[in-house]
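# Structural overview for review
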Amino acid sequence: MASSRIRALRNVSNRMTRTEARIGYLERRPSPKRLAENSVTAEALAPGAVSGVSIPDGSILNEKMDLYWSDYAPSLSGTGWALGDGTLDAAYCLEGTLIHFRSTITAGTTTTFGSASPIISLPYDYLSGVGSAWGMVCSFYDSSASLLYLGIPSSSSVSSITCNAIGTAGVQTTVTSTVPFTWATGDEIRLAGTYELG
């Protein structure tokens with residue numbers, strides 16, 4: 001009888017020891033890290049930049065978070081086109097695999113204008129085979145007349161876009177030193193849009 005009681009007490013003791021061990025493990029286990037509200041607003045996150053972060057299913061982190069824009073310097077090329085002392089104003093932001101961008105090139109006193117449509121480089125290569133210029137728009141600003149002319153962007157390569165003028169019946173035509181107007185200092189080429197990262 002005594003031995004049965006001893007065995008019963010040992011079983012209870014063993015169960016209590018295992019329970020205490022589990023409790024101790026739970027207490028020692030580090031708590032998952034969670035993103036505080038508005039904690040990711042100052043920079044675009046590169047893949048793998050954040051580790052050890054727990055994001056519960058269905059949660060919304062900082063639903064009012066603004067996209068962060070970074071400056072970039074597009075190049076101007078195409079037959080006869082050269083920036084010279086012209087100015088650049090361009091920026092982009094990453095949203096998943098999408099890139100949003102905008103660029104304005106303003107002609108200076110030494111900017112030269114070409115005989116073929118200007119080509120503007122993108123901040124990153126786009127995904128080939130998906131219609132690069134579908135989500136883009138270009139325009140040309142005549143500063144002397146304060147007039148804005150819409151254009152037609154087309155693919156030049158996976159890293160650049162050609163900015164064409166709109167011709168008869170809406171068909172694209174070549175932008176030159178005199179089309180869609182006679183270019184001069186202060187005139188602008190504008191290109192903006194969204195595309196899928198290559």
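Note that the coordinates shown come from a computational prediction; the quantities given were computed from them, not determined experimentally.

## Examining the pattern of salt bridges
In total, this model carries one salt bridge according to the counting rule given. Across the pair arginine 190 and glutamate 188 runs a salt bridge, and its minimum N-O distance is 2.7 Å.

## Some words on the confidence of the model for the chain
On average, residues of the chain carry a pLDDT of 79, and 65% of them reach 70 or more. Taken element by element, the predicted model of the chain shows its lowest mean pLDDT in helix α1 (residues 2-28) (51) and its highest in strand β2 (residues 76-77) (98). Residue range residues 25-33 is modelled with pLDDT below 50. Its contacts to residues more than four positions away, or to other chains, number four contacts. Segment residues 41-65: pLDDT under 50, and 20 contacts once partners within four positions in sequence are set aside and those in other chains are kept.

## Things to note about the packing of aromatic side chains
Summed over all chains, the structure comprises nine aromatic pairs. Centroid distance phenylalanine 181 to tryptophan 183: 4.6 Å. Interplanar angle 40°. Geometry classified as tilted. Under the relative-accessibility criterion, phenylalanine 181 is labelled buried at 6%. Residue tryptophan 183 is classed as buried on the basis of its relative accessible area of 6%. The structure contains a cluster of three or more aromatic residues connected by ring pairs, namely Trp81, Phe113, Phe140, Tyr149, Phe181 and Trp183.

## Here's the deal with the environment of threonine 112
Within the secondary structure, threonine 112 sits in the loop between β4 (98-106) and β5 (119-121). Threonine 112 gets classed as partly exposed once you look at its relative accessible area, which sits at 36%. A C-alpha to C-alpha distance of 6.6 Å links threonine 112 and glycine 80, two positions 32 residues apart in sequence. Dropping the residues within four chain positions of it, threonine 112 is found in contact with Gly80, Trp81 and Ala82.

## Section: the pairing of β4
Here nine bridges tie strand β3 (residues 87-95) to β4, and the two strands are oriented antiparallel to one another. Directly across from alanine 90, in β4, lies its bridge partner serine 103. In this structure, the hairpin formed by β3 and β4 is closed by a connection of two residues, where glycine 96 is found at a positive phi of approximately 65°. In this structure, β4 lies alongside strand β10 (residues 188-196), joined through nine bridges in antiparallel fashion. In the strand pairing of β10, histidine 100 is matched with threonine 194.

## Quick look at the nonpolar core
Counting 24 residues, the largest nonpolar core has Phe101, Phe140 and Ile189 as the members making the most contacts within it. For this core, the secondary-structure elements that each account for two or more residues are β3, β4, β6 (136-142), β8 (160-166) and β10. Excluding anything up to four places from it in sequence, phenylalanine 101 contacts Trp69, Tyr72, Ala91, Tyr92, Leu122, Pro123, Met136, Leu191, Ala192, Gly193, Thr194 and Tyr195.

## Looking at a nonpolar patch on the surface
Taken together, the side chains of Leu94, Tyr124 and Leu197 define a hydrophobic patch exposed on the protein surface, amounting to about 230 Å² of accessible area. Assignment of secondary structure puts leucine 94 in strand β3. Residue classification places leucine 94 among the partly exposed residues on the basis of a relative accessible area of 35%.

Rules of the game
- Residues numbered from 1 in each chain as written.
- Predicted model: local features only at pLDDT ≥ 70, side-chain atom pairs only at ≥ 80, totals over all residues.
- Heavy atoms only, no water.
- Salt bridge = Lys/Arg side-chain N within 4 Å of Asp/Glu carboxyl O.
- pLDDT = per-residue confidence, 0-100.
- Helix = DSSP H or I, 4+ residues; strand = E, 2+ residues; numbered from the N terminus.
- Contact = heavy atoms within 4.5 Å.
- Phe/Tyr/Trp six-rings, centres within 6.5 Å; stacked < 30°, edge-to-face > 60°.
- Buried < 20%, exposed > 50% of the residue type's maximum accessible area, 1.4 Å probe, protein only.
- Pairing = 2+ DSSP bridges.
- Core = buried A, V, L, I, M, F, W, Y, C linked by side-chain atoms within 4.5 Å.
- Patch = residues over 30% accessible without salt bridge, like charges linked within 9 Å, V, L, I, M, F, W, Y side chains within 5 Å.
- Areas by Shrake-Rupley, 256 points an atom, 1.4 Å probe, with all protein chains shown as cover.

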